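Examination of the molecular architecture
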Amino acid sequence: MELFYTSTRDNTKKVQASEAVLKGLSEDGGLFVPERIPRLSKSLRELSELTYQETAYEVMKLFLTDYTEEELKSCIAKAYDSKFDTAEIAPLVEVDGAYYLELFHGATIAFKDMALSILPHLMTTAARKNHVKEDIVILTATSGDTGKAALAGFADVEGTKIIVFYPKNGVSPIQEKQMVTQKGDNTYVVGIHGNFDDAQTGVKNIFSDKELEQEMTAHGFRFSSANSINIGRLVPQIVYYVYACAKLLKEERIKDGERINVVVPTGNFGNILAAFYAGHMGVPIAKLICASNENKVLYDFFRTGSYDKNREFVLTSSPSMDILISSNLERLIYRIAGSDAGKNRELMTALSKEGRYEVTQEMAAQLADFYGNYADEKETADRIRELYEKTGYVIDTHTAVASAVYRKYRDDTKDETKTVIASTASPFKFTRSVMNAIDKKYDTMSDFELVDELSRIANVKVPGAIEEIREAPVIHDTVCDRSEMKQTVKTILGIS
Ligand SMILES: *Cc1c(COP(=O)(O)O)cnc(C)c1O
């Protein structure tokens, strides 16, 4: 059955999936949402016999209905191949009473690879289907992981260029090194003086600049977005929740019909929204546990019904979650507003004008499946050390926020439901914070000494993505003010 997409701010127009993938964001500033969430057409038992790639096809065909079977299968085959260091793509590891769903086995060792290894193929396929003649310019704001994963995904993909903005002092040294050493004739990386929200706001402003759009068209370019607001990012992320749950069934860790909880370390709300969509497709998910770091806007939102970004922005050891505007939450707001685009627009206007909004009681009542909590810096570090000392398993800082929040949840609720924790980055990506959490004595070591030491104590091979940047030369060194982002883009594209 054909599925159309509408904007969360104006649902009078419908677009096909491929058009939504190409555009990223709707012209009215809203996000594209499917008109309904499709139900899985196979039982979990049937799905449990499938490979990751086959599962991806079963999920994606229901959402991207204007792609042919051949197109989708080709995109999937190009994405989930030997770029991943395990044939399983997303392994599930049982440690200390929970299942860690390792989403970091791709090219850049963070969960962003799960979607960004397929997005370029979905996008170039969509361009072909829609007879787009211009080159696609991907413009992305990153808090660290998206940038590198998008660069790796789009590097040297014909008909595309990619420009990444990151907060100059807001990402880990390894994250920065990964980005500034990126190869590919079509890749550009720019640091900005500001935080992630500044970068994201700057990118959004460029996207909605009508004058620039005309200049772009005249020069044979068109913008698109690889940020997690793109439906082409969201849909591939649903796959691993289906896959994980099916695997638990296959391995007889859960029974038919038994529900599981999912814990997601959250920033922009993309990953947890994918879990929410998976639940509505028929995956037996009970609670969605939303874990925040000290930027706990979402915890406060789930507790009070009031979203308020007027607060101090905290730089934490989990930088990919240092976010005060969780863009993807808009999709949930639209849904709990009963698909009322006017109501959603009203709230989003309040957010951009006053930095806050409040949902009605009726809307809040529909959030019962969510549980929010947060872990501060000490709790996060303690969790890394305790888990390591107890089991030898080393988790990264983001996953540690989730793991610490899961413990609070169990203490609060005594809920013993089997639980999957989304493990969103390899500890090798945040080596210094991770090693410092384990023992302060590591503080004097250099970044790459720490990498080798981590490999030794965790008994895990250094990932290829890290080996690669050890000696790699810096290729990108542009830095600009947040007010100069538009001009920087024009200069890169050779538009005056
Ligand atoms: C992006 C990211 C997150 C947050 O995911 P959202 O989809 O933005 O909520 C968490 N952990 C890591 C390591 C990330 O890269």
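Remember, it's a predicted structure, so these values are computed and weren't measured experimentally.

**Section: the overall build of the chain**
Within the chain, the secondary structure is distributed over 22 helices and 16 strands. Expected size for 496 residues packed as a compact globule is a radius of gyration near 23 Å; at 21 Å, the chain falls within 12% of this value. If you line up the chain on its principal axes, its C-alpha atoms span 60 × 50 × 45 Å. Residue burial in the chain is summarised as follows: out of 496 residues, 61% are buried. A total accessible area of about 19400 Å² is found for the chain, and carbon and sulfur atoms account for 46% of it.

**Focus on the side chain of K247**
Here K247 lies in helix 11 (residues 231–250). Residue K247 is classed as buried on the basis of its relative accessible area of 11%. With sequence-adjacent residues up to four places away left out, K247 is seen in contact with E88, A90, P91 and L92.

**Focus on the pairing of strand 7 (residues 160–167)**
Extensive coverage of strand 7 is indicated by the burial of seven of its eight residues. In terms of strand pairing, strand 6 (residues 135–141) meets strand 7 through six bridges, oriented parallel. The residue bridging A141 from the neighbouring strand is F165, located in strand 7. In this region the chain leaves strand 6, passes through helix 7 (residues 145–154) and returns to the parallel neighbour strand 7; the handedness of that crossover is right-handed. Bridge count for strand 7 against strand 8 (residues 187–193) is six bridges, and the pairing is parallel.

**Some thoughts on the packing of aromatic side chains**
Remark: the centre distance and the inter-plane angle together describe each pair of aromatic rings, the angle taken between the planes. Overall, the coordinates contain 18 aromatic pairs when judged by the stated rule. With 6.3 Å between their ring centres and 50° between their planes, F276 and Y277 make a pair best called tilted. Residue class for Y277 comes out buried when judged on its relative accessible area of 5%. Here F302 and F370 contribute two aromatic rings whose centre-to-centre distance is 5.1 Å and whose plane-to-plane angle is 10°, an arrangement assigned as stacked.

**Comments concerning the site of the ligand**
Taken together, 15 residues surround the ligand, and among them K112, D145, G267, N268 and T424 come closest. At a separation of 3.0 Å, an oxygen atom of the ligand approaches a polar backbone atom of F269. The separation between a nitrogen atom of the ligand and a polar side-chain atom of T424 is 2.8 Å. Taken together, the residues of the shell around the ligand break down into five nonpolar, eight polar and two charged.

**Remarks on the sheet that holds strand 9 (residues 221–225)**
Here five strands make up an open sheet; going across it, the order is 9-6-7-8-16 and the pairing parallel. Edge strands, defined here as strands with exactly one partner in the open sheet, are strand 9 and strand 16 (478–481). Taking each pair of neighbouring strands and ignoring which way they run, the sheet shows an average axis angle of 30°. The sheet contacts of helix 8 (residues 173–180) involve strand 7 and strand 8, and relative to strand 7 the element is tilted by about 155°. Contacts between helix 10 (residues 210–218) and the sheet are confined to strand 6 and strand 9, with strand 9 contributing the most and set at about 125° to the helix.

**Side note on helix 13 (residues 297–304)**
Counting buried positions along helix 13 yields six of eight residues, so the element is predominantly enclosed. By the burial criterion, the buried members of helix 13 are V297, L298, Y299, D300, F301 and F302. Looking at the buried positions of helix 13, the neighbouring elements they touch are strand 11 (285–292), strand 12 (306–308), helix 14 (329–336), strand 13 (356–358) and strand 14 (370–374). In the segment just after helix 13, G305 is the residue with positive phi, at about 80°.

**Description of the state of the cysteines**
Per the counting criterion, the structure on display carries zero disulfides. Of the cysteine sulfurs around C245, a residue in no disulfide, the closest is that of C290, at 19 Å.

**Topic: the packing of helix 17 (residues 377–391) against helix 19 (residues 431–438)**
Running from amino to carboxyl end, helix 17 crosses helix 19 at an angle of 65°, the nearest separation of the two axes being 8 Å. Considered as vectors, helix 17 and helix 19 are oriented roughly perpendicular to each other. Considering only the axes of helix 17 and helix 19, their crossing is right-handed. Contact residues: A381, I384, R385 and Y388 in helix 17; V434, A437 and I438 in helix 19. In the contact of helix 17 with helix 19, the residues fall into six nonpolar, no polar and one charged.

**Some details on the packing of helix 11 against helix 12 (residues 270–281)**
Where helix 11 meets helix 12, the closest approach of the two axes is 8 Å, and the angle between their N-to-C directions is 65°. As helix 11 runs across helix 12, the sense of the crossing is right-handed. Across the interface between the two elements, L234, Q237, I238, Y240 and Y241 of helix 11 pack against G270, N271, L273, A274, A275, Y277, A278 and M281 of helix 12. Classifying every residue of the contact of helix 11 with helix 12 gives ten nonpolar, three polar and no charged.

**Observations concerning the pattern of salt bridges**
Scanning the model with the defined rule gives 38 salt bridges in all. A salt bridge links K73 to E69; the shortest N-O distance between them is 2.6 Å. In this pair, K73 and E69 are both assigned in helix 4 (residues 69–79), four residues apart and thus about one turn of the helix distant. Residue classification places E69 among the partly exposed residues on the basis of a relative accessible area of 45%. Note that R456 and E453 form a salt bridge whose closest N and O atoms lie 2.8 Å from each other. Here R456 and its partner E453 are both found in helix 20 (residues 447–458), three residues apart, which amounts to about one turn of the helix. According to the relative accessible area criterion, E453 is buried, its value standing at 14%. Salt bridges linked by common partners bring D96, R383, E386, K390 and R407 together as one network.

Cut-offs applied
Residues numbered from 1 in each chain as written. Predicted model: local features only at pLDDT ≥ 70, side-chain atom pairs only at ≥ 80, totals over all residues. Heavy atoms only, no water. Helix = DSSP H or I, 4+ residues; strand = E, 2+ residues; numbered from the N terminus. Rg over C-alpha atoms; globule rule 2.2 N^0.38 Å. Buried < 20%, exposed > 50% of the residue type's maximum accessible area, 1.4 Å probe, protein only. Areas by Shrake-Rupley, 256 points an atom, 1.4 Å probe, with all protein chains shown as cover. Contact = heavy atoms within 4.5 Å. Pairing = 2+ DSSP bridges. Right-handed = clockwise from strand over helix to strand, strands pointing away. Phe/Tyr/Trp six-rings, centres within 6.5 Å; stacked < 30°, edge-to-face > 60°. Near = heavy atom within 4 Å. Polar contact = N/O pair within 3.5 Å; in protein donor to acceptor, adjacent residues only side chain to side chain. Nonpolar A, V, L, I, M, F, W, Y, C, P; charged D, E, K, R; others polar. Axes fitted to C-alpha atoms, helices over the stretch in contact; angles between N-to-C directions. Disulfide = S-S within 2.5 Å. Parallel < 35°, antiparallel > 145°, perpendicular 65-115°, else oblique. Left-handed = near helix turned anticlockwise from the far one by under 90°. Salt bridge = Lys/Arg side-chain N within 4 Å of Asp/Glu carboxyl O.

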